[in-house]
Amino acid sequence: MLEENRQDLSEFLYLFQSDEEGYRAKKEVERQAQIKFSSDFEKLKHEIIWPVIVEVGNEFIKYAHDYHVTEEKEYLDAIACFHPAHMTLNIYPSSLEEKYRKPDTAPYISFAANNYAKKVGINVSTMMPGEGGSIGSHGEYKPGQFTKDFVEKELINVLKNTLIFHNT
């Protein structure tokens, strides 16, 4: 190896080695922040999001529609695909045939944890069997933005601006 290259490599490796402890400390701080965010999200789901979803869902029932709520903690599936923790409102409009009234084939509004950004994403699907629709993000928000009024307003805005309850 040329002496100049050896010197460059030595300097680079020395800098990496001397900064390794700082890197480990930063990783530990990030790990603790993710643990705290996950805990905060669990509390947010049960104290704010869940009660609003149930209240809105009960309004659906008054108009002959139905709903279902699912909740999952984060996990890796069999092919190592990450699934974030989330709470989902599955919507069953009265026009949806009974055989399609299951979470896999109905529109939904989902509140999902983004541990890395430390935000909660609102994801929406307006897909209806035989009608199509779209799937996408309604935005990401800091946990501190979530109040019962905020969740209620976002749910209503999503429902108002989709084709789920419009006559086609």
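The present account deals with the structure reproduced in this document. No experiment lies behind these values; they were computed from the predicted model shown. (Residues numbered from 1 in each chain as written. Predicted model: local features only at pLDDT ≥ 70, side-chain atom pairs only at ≥ 80, totals over all residues. Heavy atoms only, no water.)

**Quick look at the nonpolar core**
One finds I49, I53, I109, F111, F146, V151 and L155 to be the most contacted residues of the largest nonpolar core, which totals 28 residues. Among the elements of the structure, helix 1 (3-62), strand 1 (66-72), strand 4 (86-92), strand 5 (108-114), strand 6 (119-125) and helix 2 (148-160) are those that each provide at least two residues to this core. The dominant element in this core, judged by the number of residues it contributes, is helix 1, at 9 residues. Apart from the residues lying within four places of it in its own chain, the contact partners of L155 are V52, I53, V56, L89, I109 and F111. (Core = buried A, V, L, I, M, F, W, Y, C linked by side-chain atoms within 4.5 Å. Buried < 20%, exposed > 50% of the residue type's maximum accessible area, 1.4 Å probe, protein only. Helix = DSSP H or I, 4+ residues; strand = E, 2+ residues; numbered from the N terminus. Contact = heavy atoms within 4.5 Å.)

**Side note on the pairing of strand 6**
Among the 7 residues in strand 6, 5 count as buried, and that is most of the element. Sheet analysis places strand 5 next to strand 6, joined by 7 bridges and oriented antiparallel. From the neighbouring strand, A113 faces strand 6, where its bridge partner is V120. With 6 bridges joining them, strand 6 and strand 7 (residues 135-141) adopt antiparallel strand pairing. Bridging across to strand 7, G121 finds its partner in E140. (Pairing = 2+ DSSP bridges.)

**A word on the environment of S125**
Within the fold, S125 resides in strand 6. The spacing of S125 and P107 is 18 residues in sequence and 5.1 Å in space, taken between C-alpha atoms. Here the side chain of S125 touches M127 through a polar contact of 3.3 Å, landing on its backbone nitrogen. (Polar contact = N/O pair within 3.5 Å; in protein donor to acceptor, adjacent residues only side chain to side chain.)

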